[in-house]
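In case you want the letters, here they are:
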Amino acid sequence: MSASVCEPTAPPPDPTLPPLLAPGAATALLDAYRPGTDRFLAAPGHTLLAHGTATEIPHDSRPLAQRVRETLDARRRAGAAAPMVVGSLPFAPDAPHALAVPDSVRWAPPLHEDPLVALPVPAAEAIDWQVREVPSAERYGEAVAAAVARMRAGEFDKVVLARTLELTARHEPDLTAMLRRLARRDPAGYTFAVPSGRGRTLIGASPELLVARRGGRLVANPLAGSAPRSADLAEDVRRAAALLESSKDLHEHAVVVDAVREALAPYSTGLEVPERPTLVRTAAMWHLSTTVTGELADPAVSALELAAALHPTPAVCGTPTDVARAVIAASEPFDRGPYTGMVGWQDADGDGEWVVTIRCAEAEGRRLRLFAGAGVVADSSPRAETAETGAKFRTFLSAVGAAL
């Protein structure tokens, strides 16, 4: 078995700030994060901390990529040396985004290369969380069963159904400490914390790169097909091996990879798509992974334009997309908001990276809303998909000291 590691984009230099290269540089940015004013993103190739808001990307009828490009061009003409946009976009195409040009950005090497990331962090504070499942595990299983019946009748091929946990505490949780625990749990993944609306923070640790662009080269890393990890080494290896041979999961993965290939083909030349997936692991899950690479046919196409062409992939929505969206709307008794959208950055040259917002929560005051979903196909089992969402919840529950 081999693990697939996405080729990261290199951060653009900020000539107004000295480079952070010493051991501890990445963890220093992690420790410096402050909710409300900052935007933090740790990726396999770098760590960034954006402070303040110079301007927000406007909401109007122009295509989002155009609004971003024109805003960054205006900042560059005004004298900004390396303007960039950082933030998140929601699952629903017509919902408001949370994108802004920060006052300043600091870059550091990746967290997984920082030796200080291995130092222990304090355990999650003792909080008497009130936990409410929306929907309940039973209702979620019923929704999965109903979707499976429709797929077996030939109505559609796949849908991703999600559920949430609403956690309420007596006082506001420490988001800075929560972010540190998430980052240290999976330092080689994508850890993020960004404002997602007035008084709200999107925080999480995603394993999945939607797309990255650096110069004329693009990279996408779709994940689909999952199995929970085990604390027992032999069982953990058995589960990984079984995932690589699972016809249900391989089919689910192939559907996603085919959609990514189809979406990126008009923008690229020499698109390279491996024939078989490999494995990516997080602290809680094994995932089937395929790294797709290619050269841009038009160097003017930005990372955000590529992300918009891909979103939503069958890994977070389903196929056909319109039917899957309708099933999601009818089955999920909540608004996904930023969940299964994207979070990331882009500079004025069009380079950037956008990550799928999974394994995340939205914090607002004393409340946290956690999200987890599972890909449902005709061979799916309601019990297995419910268990999968429970396993995915563990990434965040461990960071807040709660249990399902």
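- As recorded in an unreviewed UniProt entry, the protein chain goes by isochorismate synthase and comes from Streptomyces decoyicus.
- In its Catalytic activity (unreviewed entry) section, the UniProt entry covering the protein chain states "chorismate = isochorismate".
- UniProt, in its Sequence similarities (unreviewed entry) section for the protein chain, records the words "Belongs to the isochorismate synthase family."

Quick look at helix 5 (residues 233–245)
(1) Moving on: Taking 1.5 Å per residue as the helical rise, helix 5 with its 13 residues ought to reach 18 Å, and the 19 Å between its terminal C-alpha atoms agrees with that figure.
(2) Moving on: Among the residues making up helix 5, those that are buried are Asp-236, Ala-240, Leu-243 and Leu-244. In a view along the axis of helix 5, the buried residues occupy a sector of 100°, so they form one face of it. Set apart from the buried face of helix 5 by more than 90 degrees, the exposed residues are Ala-234 and Glu-245.
(3) Moving on: The backbone nitrogen of Ala-234 lies 3.3 Å from a side-chain oxygen of the residue at the head of helix 5, namely Asp-232.

Observations regarding unusual backbone geometry
(1) Moving on: A cis amide bond links Val-134 with the next residue in sequence, Pro-135, at an omega value of -5°.
(2) Moving on: Each neighbour pair has its own omega, and for His-311 with Pro-312 the value is -5°, a cis peptide bond.
(3) Moving on: With respect to the element layout, Pro-312 can be found in the loop between helix 7 (303–310) and strand 18 (318–319).
(4) Moving on: The phi dihedral of Thr-340 is positive, around 65°, even though this residue is not glycine.
(5) Moving on: Among the residues examined, Thr-340 registers a relative accessible area of 1% and is labelled buried.
(6) Moving on: Within the chain, Arg-359 stands out as a residue other than glycine whose phi angle is a positive 50°.
(7) Moving on: Summarising the element assignment, Arg-359 is placed in the loop between strand 20 (352–356) and strand 21 (360–364).
(8) Moving on: Residue class for Arg-359 comes out buried when judged on its relative accessible area of 7%.

Considerations on the state of the cysteines
(1) Moving on: By the definition in use, this model includes 0 disulfides.
(2) Moving on: Unpaired in terms of disulfides, Cys-317 finds its nearest cysteine sulfur in Cys-360, a separation of 16 Å.
(3) Moving on: Relative accessible area serves as the criterion here: at 1%, Cys-360 is assigned to the buried category.

Concerning the pairing of strand 15 (residues 278–281)
(1) Moving on: Alignment of strand 15 against strand 16 (residues 285–289), held across 4 bridges, turns out to be antiparallel. Bridging from a neighbouring strand, Leu-279 pairs with Leu-288 of strand 16.

With respect to the pairing of strand 17 (residues 292–296)
(1) Moving on: Of all 5 residues in strand 17, 4 are buried, a share of seventy percent or more.
(2) Moving on: Here 4 bridges tie strand 12 (residues 217–220) to strand 17, and the two strands are oriented antiparallel to one another. Bridging from a neighbouring strand, Arg-217 pairs with Glu-295 of strand 17.
(3) Moving on: Here strand 14 (residues 268–272) runs beside strand 17; their pairing, made up of 3 bridges, is antiparallel. Its bridge partner lying in strand 17, Thr-269 is registered against Glu-295.

Considering the packing of aromatic side chains
(1) Moving on: What the rule picks out here adds up to 3 aromatic pairs.
(2) Moving on: Judged by centre distance (5.4 Å) and plane angle (75°), the ring pair of Trp-107 and Trp-345 falls under edge-to-face. Placement of the pair is Trp-107 in strand 6 (residues 104–108) and Trp-345 in strand 19 (residues 342–347), with a sequence separation of 238 residues.
(3) Moving on: Given the relative accessible area of 0%, Trp-345 is considered buried.
(4) Moving on: An angle of 55° between the planes, with centres 6.4 Å apart, marks the rings of Phe-334 and Phe-371 as tilted. Linking Phe-334 in the loop between helix 8 (321–331) and strand 19 with Phe-371 in strand 22 (residues 367–376), this pair joins segments that are 37 residues apart in sequence.
(5) Moving on: We classify Phe-334 as buried; its relative accessible area is 14%.
(6) Moving on: Three or more aromatic residues joined by ring pairs form one cluster here, namely Phe-334, Tyr-339 and Phe-371.

Section: the nonpolar core
(1) Moving on: Leu-48, Val-68, Leu-99, Leu-264 and Trp-354 are the most contacted members of the largest nonpolar core, which totals 56 residues.
(2) Moving on: It is helix 7 that provides the largest number of residues to this core, a total of 5 residues.
(3) Moving on: If near-sequence neighbours (up to four positions away) are discounted, Leu-99 is found in contact with Glu-56, Ile-57, Leu-64, Val-68, Val-85, Val-86, Gly-87, Ser-88, Leu-89 and Trp-354.
(4) Moving on: Formed by 35 residues, the second largest nonpolar core is a distinct cluster that contains Leu-179, Ala-193, Phe-396 and Ala-402.

Points about the sheet that holds strand 5 (residues 98–101)
(1) Moving on: In spatial order, the strands read 3-5-4-19-20-11-12-17-14; together these 9 strands make up an open sheet with antiparallel pairing. Across the chains shown, the open sheet's two edge strands, defined by having one partner strand only, are strand 3 (55–56) and strand 14.
(2) Moving on: Pairing geometry for strand 4 (residues 84–89) and strand 19, over 6 bridges, is antiparallel. Bridging from a neighbouring strand, Gly-87 pairs with Gly-344 of strand 19.
(3) Moving on: Across the sheet, helix 2 (residues 64–77) touches strand 3, strand 4, strand 5 and strand 19, and the angle it forms with strand 5 is around 20°.

Cut-offs used in this document
- Residues numbered from 1 in each chain as written.
- Predicted model: local features only at pLDDT ≥ 70, side-chain atom pairs only at ≥ 80, totals over all residues.
- Heavy atoms only, no water.
- UniProt positions renumbered as here; feature names shortened; annotations may be inferred.
- Helix = DSSP H or I, 4+ residues; strand = E, 2+ residues; numbered from the N terminus.
- Expected span 1.5 Å × (residues − 1).
- Buried < 20%, exposed > 50% of the residue type's maximum accessible area, 1.4 Å probe, protein only.
- Arc of directions from axis to C-beta.
- Polar contact = N/O pair within 3.5 Å; in protein donor to acceptor, adjacent residues only side chain to side chain.
- Disulfide = S-S within 2.5 Å.
- Pairing = 2+ DSSP bridges.
- Phe/Tyr/Trp six-rings, centres within 6.5 Å; stacked < 30°, edge-to-face > 60°.
- Core = buried A, V, L, I, M, F, W, Y, C linked by side-chain atoms within 4.5 Å.
- Contact = heavy atoms within 4.5 Å.
- Axes fitted to C-alpha atoms, helices over the stretch in contact; angles between N-to-C directions.

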